[in-house]
Amino acid sequence: MLYWAFIFLLVAIVAAIFGFGGIVGAAVGVAKFLFFLFIILFVISLIFGRRRNL
């Protein structure tokens, strides 16, 4: 678990560097894409997870 916290810290630092450096438009585009991708994956995992338990 500590490993993942460290990875997310590094990702946040890199995102901050890009955000403060003026590449905000690209970072926002990537963030929106990842947000919707993970929402879709979450819904899919909920649906298929429910089916196995029935």
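Data block above holds the structure.
Residues numbered from 1 in each chain as written. Predicted model: local features only at pLDDT ≥ 70, side-chain atom pairs only at ≥ 80, totals over all residues. Heavy atoms only, no water.

Asks: Just to check I follow, could you spell out the overall build of the protein chain for this structure?
Replies: Tallying secondary structure elements over the protein chain gives two helices and zero strands in all. Summed over all atoms, the accessible surface of the protein chain reaches about 5,100 Å², with 81% contributed by carbon and sulfur. (Helix = DSSP H or I, 4+ residues; strand = E, 2+ residues; numbered from the N terminus. Areas by Shrake-Rupley, 256 points an atom, 1.4 Å probe, with all protein chains shown as cover.)

Asks: Explain the packing of aromatic side chains here, please?
Replies: Note on aromatic pairs: each is described by the distance of the centres and the angle between the planes. Per the counting criterion, the structure on display carries one aromatic pair. Summarising the aromatic geometry, the rings of Phe35 and Phe36 are spaced 5.3 Å apart at their centres and angled 70 degrees between planes, so their arrangement reads as edge-to-face. Relative accessible area serves as the criterion here: at 49%, Phe35 is assigned to the partly exposed category. (Phe/Tyr/Trp six-rings, centres within 6.5 Å; stacked < 30°, edge-to-face > 60°. Buried < 20%, exposed > 50% of the residue type's maximum accessible area, 1.4 Å probe, protein only.)

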